[in-house]
Every structure is written in structure tokens, then in C-alpha cells.
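An overview of the molecular structure
What follows is the residue order along each chain.
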Amino acid sequence: MKINNYLSPNFHKRKRSVNSIKIIVIHYTGMQSERESLIKLCSPKSKVSSHFVINKYGKIYRLVQDNKIAWHAGKSCWGKYKNLNNNSIGIELVNKGHQFGYTSFRKKQLSSFIKICKTLIKKYKIKRSNIVGHSDIAPSRKIDPGEKFPWKELANKKIGIWHRCKPNFLKKFRKIKIKKKQEKIEFVKNLNNIGYCFPTYNKSFFVKTVKAFQRHYRKELINGLVDKECLIIAQNLSKNL
Ligand SMILES: [Zn+2]
């Protein structure tokens, strides 16, 4: 696997121990072009970066060394971890994103992503459930890498997790209402088990977290409403962690 250095100055100057690396956060660049994205991620003014950038053709750039803290996650939470820059590796996939023309991720880009993920998983013993999207860890602010990211296909390659329910079975429960109190509490409990954080109860935050969950696990309908299908998926994921 060829990795091209394209170093960014945007990282904490102190080193971190490799034992602190627990999570992989996946992003899309969300800008007009690859060039523009690389310039931003390397400009001292922007104060953002990531460890890796993968372009549409699968070319991999290293911007920040693994043992340095890159600035990609921002205010975020996953399981017991907060402000995930400290504990994660950030990977940016070049894609214009929802704002400028969101497109499917190409095969070559994904195949490089898989290679680099496998290396990182092995090197840092990263748990499958700790491979997450930016939207999963910062649902109130972020929607990347978005619903076109092929979570299910990647889970088949042991990258990230997926449920074990059959799509035809699940479909019957789409838009079926849940019992408000009891089943909603159960849904939240299951999401907590998976890693999603609910720092304080706030309706708008809740809806955005449900959307993040749907973007990841039920992309056919992203409406922020917990229906029976969402509940069944959450139960199944939590049970099989
Ligand atoms: Zn992001």
C-alpha cells in the first residue's frame, strides 16, 4: 500500500501513546475539489486536519502521523470517550458532500480505505464497534460520511458492525409506531450500548442522533423518527456487540 506524505501543521505538538488510539472516524471532505480540500487541511489558518485523505482514485495521503493528535473530530462523544481527537484516527474521503453534490464512493477509493483500515485495526487493536462516522460522534453538527457510505458492505469485511436482520423482514416494520415511553427508553438504551451518546435530553439533539443512526443503519428513510424497524435494528446490533 503506497502512502504519500502531504504533511499538515494542524496537530497537537505533544505526542500521544499508541495505546490511546481506540477509534477510527470516517469523514467526507465536503468541498468542491480534492485540491481545495488538501489546501484547507494543511493551512495553519484552518486549524483542521486528519491523519489520512483518500482521493476518488484511491490515492492515499498521510497528513498527520498516527502518534500525533489531528484536528478532525471536534466536540464529540462515543461510548466513554469524549472529544475524540485524542483517541482516534481520522480518515477523510474526497467527496463533494451534501452541500456541493454528494456522489457515491468509488470502488478504488473504498478499496484503499479498506486496506488502510485493516492495517490500523490490526496495529491498534481497534474494536469493530469503534469504527464510526463523524455524524455518529457529533450528530448535532455533522452528517458525514453520509448515507452513501457502504457500511453494510464494509461490515462484511469486518470493518464496523452491522445487524443480522433480513431486509425483507425489517421492511415490514418501517413507519410502524413504537410505544412512546417504554420502547423509546429501550431504543436509547440500545444506542448507548452501541456507543451513541445522549449528553442531555434535548429534543433537537435526539432527532439528530436518530438521523445519524438512520444514515448509518437504515438509509432508506432518514426522518429522525424512531419506528419499529429502527428499534429492531438497534436491539439486534446491541445484542451482537
Ligand atoms: Zn467530518
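Check the entry above for the structure.
**Considerations on the coordination of the zinc ion**
- Surrounding the zinc ion are the protein donor atoms His27 (ND1), His134 (ND1) and Asp144 (OD), at 2.1 to 2.2 Å.
- Every donor residue of the zinc ion comes from the same chain, spaced as H-x106-H-x9-D. Separated by 107 residues along the polypeptide, His27 in strand 3 (residues 23-28) and His134 in helix 4 (residues 134-137) bring together distant segments of the chain.
- A relative accessible area of 1% means that His27 is categorised as buried.
- Assessed through its relative accessible area of 4%, His134 is described here as buried.

**What about the state of the cysteines?**
- The tally for this structure, following the rule as stated, stands at one disulfide.
- A disulfide bridge connects Cys77 with Cys197, and the sulfur atoms are separated by 2.0 Å. Residues Cys77 and Cys197 are joined by a disulfide whose S-S torsion is about -75°; by sign, that bridge is left-handed. Of this pair, Cys77 sits in strand 7 (residues 77-78) while Cys197 sits in the loop between helix 7 (180-194) and helix 8 (203-217); the two residues are 120 residues apart in sequence, bridging distant segments of the chain. Cys197 carries the same exposure label as Cys77, and that label is buried.

Rules used in this analysis
- For every chain, the first residue of the written sequence is number 1, and numbering continues from 1 along that sequence.
- Only residues with pLDDT of at least 70 get local features here, since the model is predicted, and only at 80 or more are side-chain atom pairs given and counted; chain-wide, interface and lining totals rely on the full set of residues.
- Excluding hydrogens and water, the side-chain values take into account all heavy atoms of the structure.
- Think of the donor list as every N, O and S atom within 2.8 Å of the metal, or within 3.2 Å for Na, K and Ca; water never makes the list, so a site can look incomplete.
- Secondary structure elements follow DSSP: runs of H or I no shorter than four residues count as helices, runs of E no shorter than two count as strands, and numbering proceeds from the N terminus.
- When accessible area is computed with a 1.4 Å probe and restricted to protein chains, residues below 20% of their type maximum are described as buried, those above 50% as exposed, and intermediate ones as partly exposed.
- Counting rule for disulfides: a pair of cysteine sulfur atoms within 2.5 Å.

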